[in-house]
Amino acid sequence: MSFDKIRDPRKLRHQIGHMECDYVYTAGVAGERFYLALREDGKLLATRCDKCNITYMPPRMYCDKCFAELTNYKEVPLTGIIESYTITYFDMDGEVLPEPLVLAFIKIDQTDGGLIHTVGNIKPESLKIGTKVKALFKDKAKRTGALTDIKCFQPA
Amino acid sequence: MSKNMKELPGTPLSGKELKSEKVITFKWRPNAKYAWSAGIAYGRFLDELKAGRIIGRRCSRCERIIVPPRMFCEHCFVATDEWVYVKDTGTINTFSLSYLDADANRIKDPILVAVIDIDGASPGVGILHLLGNVAPDKIDVGMKVKAVWKPPEEREGSVTDILFWEPLED
Amino acid sequence: MNIKKRVAVVGAGITLFRRRLKESGKELSFHAVNMALESAEMTRDDIDSVVMGTAPDAFDGIHMKSENLLDGAGATQKPYTHVYVGGGTGVFSPIGGWWHVASGMHDTCLVVCEEKMSPCFPHPQTAFRTIWDPITSRPLNPNLVWIFALEMHRYMKVHNIPKEHIAQVAVKNKGNALDHPSAQLGAKITVDDVLNSEIMVYPVNRLDISPPSDGAAALILASEDVARKYTDAPVWLDGVGWALDSAYWTNRDLYYPQYVEEAAKMAYKMAKINDPPKEVSFAEPYDPFTYKELHHLEGLQLAKKGEAPKLTVEGVTARDGDLPVCPSGGLLGVGNPIAAAGLMKCCEAFWQLRNEAGKRQVPKAETGVCQAWGDLMQVGTVCVFKRDS
Ligand SMILES: [Zn+2]
Ligand SMILES: [Zn+2]
């Protein structure tokens, strides 16, 4: 078509708009238990399905496999193993970060799941898949009931 | 209903509870912005509005003159084949009085909303627009109206280049 | 038409409908599905495929939310489809399920609908801003209620219908909802209450409108041979129909929903219904607004054009009338978590046809019709349910 070369729609007759909505999401029943335990007690909670022998981290209200409702919440260790990681040098807008940021999938001990989080207090070149790490919490006064209540994971 | 189900599941929350410390919530504001290019038919439509005219398209198969214009007829599924100027007068097909703004906030003076069948277009072919210079209780279906345009220097190629439609004096 | 398998409904489930529920969308879906599985005495292993129906993602505020909801719908590692036709989605979702089973592709299909409208601020209406055509409509800063008010006014004007007759729908449906365990707005009200309630967008008053809600519903479909293994009282989904009209809604006459007629004719033909008013024992037409129930009864060929208001005033559509309409309490009474509200109607048909509707039970329920509607006043979706006579 004749407009193939025009990449910016604003160069054509156009209308401008945006999504004006704000959103407030509830964490849900299982999410709320998880985040309250993070904020109030500095603990990690998981749910467990004994029938399927699965421990869900983060906890779920139901078993993905047998579809039973899960009401058995248990505290699990703050430690885990780096299953995979990546190092990012840019922020969301493409600007260079002052320090490279290490993001990892951390399989939490005694569970079948894990968390995506940052890994700190480690030199990027000494990172390894399989490294044991532990959650470092923010001071209680600064916690808000979110994953960022954990400042980062660091070598255990 | 299910024999084993004594109470239906679900945990109601009041607006106040939602704001309390006990209920964990996460907030988000989307930051996506859009520029919708008007396309071929609407592009010309908006250009003509800027010039103070309303333009439609004619389908030579079903003989309809349609506004807003499109490059194809959705009934015959053939390309429409002619630009046709229509008038800036019309008839109120239906109307309402909105005491809600776009976010459902209450407003005191109603927005006067109408579907206006355009003179010169086929019968029943109308556009969504606003009414003005008329008392709400004087508006009626079937009333003749005329477009009130923005001054030419303020027009920007938008349906808002027509400020509103007012009753047409005989 | 080459339909390989007759399709049965064998289970149904539903959550509370409320303005705001703490459960996440996944968790609501889980509850509805779990109840449906339990009522059918099935487990997730018995489900071959899953169809999810949701209305605009912008309410939940999760883009591509059907993927997010997948595990709550019991669909992990199963064939999973998301269907969507705006407000018509709730009755379109069982049609999507019907394709899976009627084609012979799957023996069972679980149909789930979920909606959480509470996350959207300042009001769920805000999300509706973005459904308008960005060039011809959105610059006018419209509110979605505008199009309903315009359509309602056109309908009233063409048939000379007094507002009092339309208000009767709210009285009936909110009254019926008093007996629905999910209901958000069951109430005993009068026509004057409706007429004296706040004018939102003339001629729509506050009590003419269904509320925004959170909720979920589920329905389990099975092929005839498989259904017989689970139940002696299957309900048959014997007719499905859907149709959409042009998005140029200002170029159509709004007084009559032609697209609902097209959808209904398709479904009736399939269900071998020749005389709908005689053969249909109850109906669950879509009632997000009072006048819509009437509009849709006419589109469904259950009332002549302009005569649905009279039937309502005469009590024909009351739960104990000749043609009970919205015995559930409808969206006006039970609530309107959009897609889940449409599927709630199909759940109601299932319970009515199994004589499991308790206080809501209508006498001699043999054939029920459910219908939903949506998008820019352009979609009609219809399901015809029957029981063995
Ligand atoms: Zn399990
Ligand atoms: Zn044509």
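For the structure itself, consult the block above.
Here the structure is a predicted model, which means the values were calculated and not measured. (Residues numbered from 1 in each chain as written. Chains lettered and ligands numbered in written order. Predicted model: local features only at pLDDT ≥ 70, side-chain atom pairs only at ≥ 80, totals over all residues. Heavy atoms only, no water.)

A. Just the coordination of the zinc ion (ligand 2), in detail. Residues and elements named next belong to chain B. On the protein side, the zinc ion (ligand 2) has C59 (SG), C62 (SG), C73 (SG) and C76 (SG) as donor atoms, found 2.2 to 2.3 Å from it. Each of the 4 donor atoms around the zinc ion (ligand 2) contributes to a set of angles spanning 106 to 115 degrees, which defines the coordination as tetrahedral. Each donor residue of the zinc ion (ligand 2) belongs to the same chain, and together they define the spacing C-x2-C-x10-C-x2-C. A residue pair is termed long-range when its members are at least 10 positions apart, and C62 in the loop between β3 (54–58) and β4 (65–66) and C76 in the loop between β4 and β5 (82–86) qualify at 14 residues. By relative accessible area, C62 is classed as partly exposed at 29%. Accessibility expressed as a relative area gives 19% for C76, which makes it buried. (Donors = N, O, S within 2.8 Å, 3.2 Å for Na, K, Ca; no water. Tetrahedral: all angles 85-135°; square planar, octahedral: opposite > 155°, others 65-115°. Helix = DSSP H or I, 4+ residues; strand = E, 2+ residues; numbered from the N terminus. Buried < 20%, exposed > 50% of the residue type's maximum accessible area, 1.4 Å probe, protein only.)

B. Focus on the interface of chain C and chain A. Chain C puts 34 residues into the contact, and the matching count from chain A is 23 residues. Summed over both sides, the interface between chain C and chain A buries roughly 2,300 Å², with carbon and sulfur atoms accounting for 58% of that surface. A per-residue breakdown of the area chain C buries against chain A is headed by K22, E27 and F30 of chain C, which together make up 26% of the total. Linking chain C to chain A there are 2 salt bridges. Here E32 of chain A and K22 of chain C are joined by a salt bridge, their closest N and O atoms 2.8 Å apart. Along the contact surface separating chain C from chain A lie 15 residue pairs in polar contact (both at pLDDT 80 or more). Looking at the side of chain C that touches chain A element by element, the count peaks at 7 residues for helix α1 (residues 25–40) of chain C. Class assignment of the residues belonging to the side of chain C that touches chain A gives a composition of 15 nonpolar, 9 polar and 10 charged. Across 2 bridges, strand β2 (residues 22–26) of chain A lies against strand β5 (residues 120–121) of chain C in antiparallel orientation. Bridge assignment links Y23 of chain A to a residue of β5 of chain C, and that residue is C120 of chain C. (Contact = heavy atoms within 4.5 Å. Buried area = accessible area lost by both parts, 1.4 Å probe. Salt bridge = Lys/Arg side-chain N within 4 Å of Asp/Glu carboxyl O. Polar contact = N/O pair within 3.5 Å; in protein donor to acceptor, adjacent residues only side chain to side chain. Nonpolar A, V, L, I, M, F, W, Y, C, P; charged D, E, K, R; others polar. Pairing = 2+ DSSP bridges.)

C. Geometry of the coordination of the zinc ion (ligand 1). Every protein donor of the zinc ion (ligand 1) is listed here as C49 of chain A (SG), C52 of chain A (SG), C63 of chain A (SG) and C66 of chain A (SG), and their distances to the metal cover 2.2 to 2.3 Å. Every donor counted, the 4 donor atoms about the zinc ion (ligand 1) form angles of 104 to 115 degrees at the centre, which fits tetrahedral coordination.

D. Representation of the interface of chain C and chain B within the structure. Each side of the interface is counted separately: chain C has 58 residues, and chain B has 56 residues. Between chain C and chain B, roughly 5,000 Å² of surface is buried when both sides are summed, and carbon and sulfur atoms account for 64% of that area. Taken together, the connections running from chain C to chain B amount to 3 salt bridges. Contributions of two or more residues to the side of chain C that touches chain B are made by α1, α5 (124–128), α6 (145–159) and β6 (199–202) of chain C. A total of 7 residues in the side of chain C that touches chain B trace back to one element, the largest contributor, which is α6 of chain C. Looking at the side of chain C that touches chain B residue by residue, the classes come out as 25 nonpolar, 17 polar and 16 charged. Strand direction decides the pairing type here: strand β6 (residues 89–100) of chain B and β6 of chain C, joined by 2 bridges, are antiparallel. Bridged to L97 of chain B within β6 of chain C is Y202 of chain C.

E. Highlighting the packing of aromatic side chains. According to the stated counting rule, one finds 21 aromatic pairs over all chains in the structure shown. Taking the centre distance of 6.2 Å and the plane angle of 25 degrees together, the rings of F95 of chain B and Y202 of chain C count as stacked. Of this pair, F95 of chain B sits in strand β6 while Y202 of chain C sits in strand β6, on two different chains. The exposure class assigned to Y202 of chain C is partly exposed, which follows from its relative accessible area of 32%. An aromatic cluster is defined as three or more aromatic residues linked by ring pairs; in this entry it consists of F148, Y286, F289, Y291 and W373 of chain C. Geometry around W83 of chain B places R57 of chain B over its ring, the cationic atom sitting 4.6 Å from the centre. Across from the ring centre of Y248 of chain C, 3.4 Å away, lies the NZ or CZ of R70 of chain B, which sits over that ring. (Phe/Tyr/Trp six-rings, centres within 6.5 Å; stacked < 30°, edge-to-face > 60°. Lys NZ or Arg CZ within 6 Å of the ring centre and 35° of its normal.)

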